[in-house]
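Structure assessment
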Amino acid sequence: MSRLIRKVAVLGSGVMGSRIACHFANTGVEVLLLDIVPRELNEAEKAKGLTLESKAVRNRIVNDSLQGVLKSNPSPVYSKSVVSRIKTGNFDDNLSEISQCDWVLEAVVERLDIKQQVFEKVEQFRKPGSLITTNTSGIPIHYLVKGRSEDFVKHFCGTHFFNPPRYLRLLEIIPGPSTDLNVIDFLMHYGELHLGKTTVLCKDTPAFIANRIGVYGIMSLFHTVKKMGLTVEEVDKLTGPVLGRPKSATFRTCDVVGLDTLVHVANGLKDNCPNDEAKALFVLPDYVAKMNESKWLGDKTGQGFYKKVKGSGGKSEILALDLNTMEYRPQQKVKFATLEQTKPIENLRERMKVLVAGKDKAGEFYRASFAGLFAYVSNRIPEISDEIYKIDQAMNAGFGWELGPFEAWDAIGVKESIAMMDAAGIQTAAWVKEMLAAGCTTFYKIENGKKLCYDVPSKSYKVIPGTEQFILLDTVRESKTVWKNAGTTLTDIGDGILNLEFHTKMNTIGGEVLSGINKAIDIAEKDFRGLVISNEGQNFSAGANLGMVFMLAIEQEWDELDFAVRAFQNATSRIRYSSVPVVAAPHNLTLGGGTEICLHADAVVAHAETYMGLVEFGVGVIPGGGGTKEFALRLSDNLAEGDVELNEFRNRFLTIGQAKVSTSAREAFELGYLRNGIDRVVVSRNRLLTEAKAEALRLADEGYTKPVPRTDIRVLGKQALGLAYVGANSMLSGKYISEHDALISRKLAWVLCGGDLSQPTMVSEKYLLDLEREAFLSLCGERKSLERMQSILNGGKVLRN
């Protein structure tokens, strides 16, 4: 792995090309982004007197494409600052600059002839030994390198990113017949380590793995919908989060991706997979064909399966397409008895069993869908993959399925699912029945702390390659649990390090979690060297248990609420003043109390996709678990005399006062949630716990010493308090904020300033925690705060007299 990637060229600045360029820039790599030269001037260029030789004109296509992508939401970049790493240009003037690049990635239009023309030009300038890859979504790799040199084909393969590449973790690696094995190994490793991808090695078959299975699933569903008389809304309700899949489910996803893209892949599969037993399903149903012809392609054309219109009073309304009349109508509420049954079931694998056992139309839909899917994936072994786990990994990372097809099959039961298929007249592949006959009843199993997968060629279980280097809680929890309660599990992850994971709903923080934190530190201080706080849930933590706070406040149980707030402050202080190092490893949503846990850790090893923020202002209170105190402390550590200190105060005040949430871990540094030189970012989600453990060990090995409570925190008193009060009153006068917002602002400023001290003064953490708790409790007694809490808890309803 001695190859270094310092600079990458991306050829083609369309949506995928520009977003791939942004993601390389996210990881610190210099990027050269190129596209074609315009053939004619636009009206704006004519008005400015520009010519076709003007640089602004020659780079217009690439610059407009990149700027368009940068305006998209969610953003393709971790921080605006990374855009400076991208240099734009055009094929005519700048293609020679690829000679300075270590990797040339082609992402032009999906046409074989155009790609071949690009590669012919690339060969004139690329340096020998540099990587050359294509982002094709389905053109056979061996077609693309006809006529190219030996060095070119040796360093060439497919690197299929999924859109949007920052957020969808799949990177399919598709070797050509002559690709050097070292190139394949490098790309598999680099994609995972530096780009944060789940890299899946694919065969050069039509649509590779994820799109072959995913498009089958969508096309099968298109036919099932008409047969069963289901509506667009019903299908999206049935195929979204209840199955552990994205909220966009099926039809909304089609609108986002573009129906034309789906049709293109489906037609390709119909034409290029003559022996596929399900090829009839790749023929477009009448309603899909009509939508495609009418250019009802989704978001890109303004309408698809859904259409956004202006309703009465100018308010936006989203209509749904009636698949029978092909007319748009208001969305209808969806209700199925089977879905109602699953509402209390948090465990997805348990939920699956209930879904397929449903006695209503929903149950019928699930049985038909899973029977077809399971049979289809079983028949794709060994056509598209020799290994089961690759298909699951591709669907996990490329389509956002929490459970891949074989994982879902395990959850429902392999034997039980075959009975379901037999009842539907659908046959599974022979190897599945042979597996069962040999006494192997699942596709996956945990053995000696390792995850094994059934290997079809050898008819035995094998460790999934690559997983040995990562710590996966799912594989070690059963045999290495040290202690647990209703909300947490403490696991020995080796080398004297413990891991504490939360498993409450949304990993919210209540009494069980606070008890778990204290117990984990007790045990770690007695018998271990360090503690990591990390989990494998969808989110690190959505914050404190708001329902508990609301109930105590509404019932005016002030002593109990005071006790609860003190307990939270004591738990975060315990993290700070433990005699062993405590490392937090957040990912995804890390809000409110989740951020406060991170603020008090000795170090934070954050996944790149960490969305961190003290959001309590939006609930009508201020951070009460040590978060406000910690911002005052960090403000003190960063203060300089004079006007600069007021600017720093203003930034810290607005971060909390505007409930700012970072759009990435990189941005969390800019907002002050993470610390330069202490905290760090890991791009690979698989490596997060492993890296956090390494950080805990490093701190322990360096002779970790228990910190001393701070008594030297410099607060600004009236000097900054007046600034905050004037600002709040000005915003209130301008009707930018409510009277209640102004009250919260004053309470927040009071704590950050240390009260109305006559001059800057040194205070202790305890002093600030007392102010913080007092402000939090007083705001909980405000009716407007309670209304905000109830609105969040009950979907917009507010208190009534």
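No experiment lies behind these values; they were computed from the predicted model shown.

1. Section: the overall build of the chain
What the chain contains, in helices and strands, is 34 helices and 25 strands. With the C-alpha coordinates aligned to their principal axes, the bounding extent of the chain is approximately 80 × 70 × 65 Å. Out of the 801 residues belonging to the chain, those deemed buried represent 54%. When contacts within the chain are restricted to residue pairs at least 6 apart in sequence, those whose partners lie at least 24 apart make up 69%.

2. Topic: helix α20 (residues 414-423)
When α20 is considered as a whole, its buried residues turn out to be Val 414, Ser 417, Ile 418, Met 420 and Met 421. The buried residues of α20 occupy one face: seen down the axis, they fall within an arc of 155°. Seen from the open side of α20, the exposed residues pointing more than 90 degrees away from its buried face are Lys 415 and Ala 423. Buried residues in α20 make contact with α16 (348-356), α17 (361-379), α19 (405-412) and α21 (430-437).

3. What to know about the nonpolar core
Among the nonpolar cores identified, the biggest contains 119 residues, and Phe 222, Phe 305, Tyr 366, Phe 370 and Trp 431 are the most heavily contacted of them. Split by domain, the residues of this core number at least three in each of domain 1 (7-201) and domain 2 (210-443). Those residues in contact with Trp 431 that sit more than four places away from it in its chain are Ser 378, Ile 381, Ile 388, Phe 406, Phe 443, Tyr 454 and Val 456. Counting 83 residues, the second largest nonpolar core, distinct from the first, contains Leu 498, Leu 614, Phe 649 and Leu 771.

4. Overview of the packing of aromatic side chains
Enumeration according to the criterion identifies 28 aromatic pairs in this entry. Between the aromatic rings of Phe 222 and Phe 305, the centroid separation amounts to 5.9 Å while the plane-to-plane angle is 40°, which identifies the pairing as tilted. Of this pair, Phe 222 sits in helix α10 (residues 210-228) while Phe 305 sits in the loop between α14 (286-293) and β9 (306-310), and the two are 83 residues apart along the sequence. The burial state of Phe 222 is the same as that of Phe 305; both residues are buried. Centre to centre, the rings of Tyr 454 and Tyr 461 are 5.6 Å apart; their planes meet at 75°, and the pair counts as edge-to-face. For Tyr 461, a relative accessible area of 19% corresponds to the buried category. The side chain of Arg 380 reaches across the aromatic face of Tyr 376, ending 4.4 Å from its centre. Stacked on the ring of Tyr 444, the Lys or Arg Lys 451 has its end atom at 4.9 Å from the ring centre.

5. What about the sheet that holds strand β8 (residues 198-201)?
Strands belonging to one sheet form pairs held by backbone hydrogen bonds; the direction of such a pair is parallel or antiparallel. One open sheet accounts for 8 strands, arranged β3-β2-β1-β4-β5-β6-β7-β8; its pairing is mixed. Single-partner strands in this sheet number two, and they are β3 (86-90) and β8. Across the sheet, the mean angle separating the axes of adjacent strands is 25° when strand polarity is ignored. Of the strand pairs in this sheet, strand β1 (residues 7-11) and strand β4 (residues 103-106) are connected by 4 bridges, and their pairing is parallel.

6. Details of the pattern of salt bridges
Between side chains of opposite charge, a pair can form when the charged atoms approach closely. Using the criterion set out here, one finds 58 salt bridges in the structure. Note that Glu 387 and Lys 390 form a salt bridge whose closest N and O atoms lie 3.1 Å from each other. Look at Lys 390 and you get buried, because its relative accessible area is 13%.

7. Regarding the packing of helix α13 (residues 259-272) against α14
One way to put it is that α13 packs onto α14 with a least axis distance of 10 Å and a crossing angle of 120°. Overall, the two elements α13 and α14 adopt an arrangement that is oblique. In this structure, α13 crosses over α14, and the sense of that crossing is left-handed. Within the contact between the two elements, α13 uses Leu 259, Asp 260 and Val 263 and α14 uses Val 288, Met 291 and Asn 292.

8. A word on the side chain of Asp 255
As for its placement among the helices and strands, Asp 255 is situated in helix α12 (residues 251-257). Although Asp 255 is buried, it makes no salt bridge; Arg 252 carries the closest opposite charge, 4.2 Å away. Contact partners of Asp 255, with chain neighbours within four places excluded, come to Leu 297, Gly 298, Asp 299, Gly 304, Phe 305 and Tyr 306.

9. Examining the sheet that holds strand β12 (residues 444-447)
Read from one edge to the other, the open sheet built from 3 strands follows the order β12-β13-β14, with strand pairing classed as antiparallel. Strand pairing shows two members of the sheet lacking a second neighbour, β12 and β14 (460-463), which therefore form its edges. When the angles between neighbouring strand axes are averaged without regard to direction, this sheet yields 40°.

10. Digging into unusual backbone geometry
Omega for the peptide link from Asn 73 to Pro 74 comes to 5°, which places this bond in the cis form. Tracing the backbone through its elements, the reader meets Pro 74 in the loop between α4 (60-70) and β3. Here the amide bond leading from Ile 381 into Pro 382 is cis, since omega sits at 10°, within 30 degrees of zero. By the element assignment, Pro 382 lies in the loop between α17 and α18 (388-399). Backbone geometry at Met 506 places phi at a positive 60°, although glycine is not the residue there. Here Met 506 lies in the loop between β17 (497-502) and α23 (511-527).

11. Brief notes about the pairing of strand β18 (residues 530-533)
Because side chains alternate across β18, one face comprises the buried residues Gly 530 and Val 532, and the other comprises Leu 531 and Ile 533, equally buried. As paired strands, β17 and β18 are joined by 4 bridges and run parallel to one another. Each residue of the ladder has a partner; that of Ile 497, found in β18, is Gly 530. Of the crossover connections in this fold, the one passing from β17 over α23 to the parallel β18 is right-handed. Taken together, the 3 bridges between β18 and strand β19 (residues 582-584) define a ladder with parallel strand orientation. Within β19, the residue paired with Leu 531 across the bridge is Val 582.

12. Details of the environment of His 23
With respect to the helices and strands, the residue His 23 is situated in helix α1 (residues 15-26). Apart from the residues within four sequence positions on either side, His 23 is in contact with Pro 76, Tyr 78, Pro 165, Arg 166, Leu 195 and Lys 197.

13. A few points about α13
Between its first and last C-alpha atoms α13 spans 20 Å; for 14 residues at 1.5 Å apiece the expected length is 20 Å, and the two agree. Where α13 is buried, its residues meet α10, α12 and α14.

14. Let's talk about a negative patch on the surface
Among the surface-exposed residues, Glu 555, Glu 557, Asp 559 and Glu 560 lie close enough to one another that they form a single negatively charged patch. Looking at the element boundaries, Glu 557 is found in the loop between α24 (546-554) and α25 (558-576).

15. Observations regarding the confidence of the model for the chain
Here the chain averages 94 in pLDDT, and 99% of its residues register 70 or above. Predicted confidence is poor over residues 796-801, with pLDDT under 50, and the contacts of this stretch with residues over four places away or in other chains come to 14 contacts.

Scoring rules and cut-offs
- Residues numbered from 1 in each chain as written.
- Predicted model: local features only at pLDDT ≥ 70, side-chain atom pairs only at ≥ 80, totals over all residues.
- Heavy atoms only, no water.
- Helix = DSSP H or I, 4+ residues; strand = E, 2+ residues; numbered from the N terminus.
- Buried < 20%, exposed > 50% of the residue type's maximum accessible area, 1.4 Å probe, protein only.
- Contact = heavy atoms within 4.5 Å.
- Arc of directions from axis to C-beta.
- Core = buried A, V, L, I, M, F, W, Y, C linked by side-chain atoms within 4.5 Å.
- Domains from an automatic or database assignment.
- Phe/Tyr/Trp six-rings, centres within 6.5 Å; stacked < 30°, edge-to-face > 60°.
- Lys NZ or Arg CZ within 6 Å of the ring centre and 35° of its normal.
- Pairing = 2+ DSSP bridges.
- Axes fitted to C-alpha atoms, helices over the stretch in contact; angles between N-to-C directions.
- Salt bridge = Lys/Arg side-chain N within 4 Å of Asp/Glu carboxyl O.
- Parallel < 35°, antiparallel > 145°, perpendicular 65-115°, else oblique.
- Left-handed = near helix turned anticlockwise from the far one by under 90°.
- Lys, Arg positive; Asp, Glu negative; His and termini not counted.
- Right-handed = clockwise from strand over helix to strand, strands pointing away.
- Expected span 1.5 Å × (residues − 1).
- Patch = residues over 30% accessible without salt bridge, like charges linked within 9 Å, V, L, I, M, F, W, Y side chains within 5 Å.
- Areas by Shrake-Rupley, 256 points an atom, 1.4 Å probe, with all protein chains shown as cover.
- Charge placed at Lys NZ, Arg CZ, Asp CG, Glu CD.
- pLDDT = per-residue confidence, 0-100.

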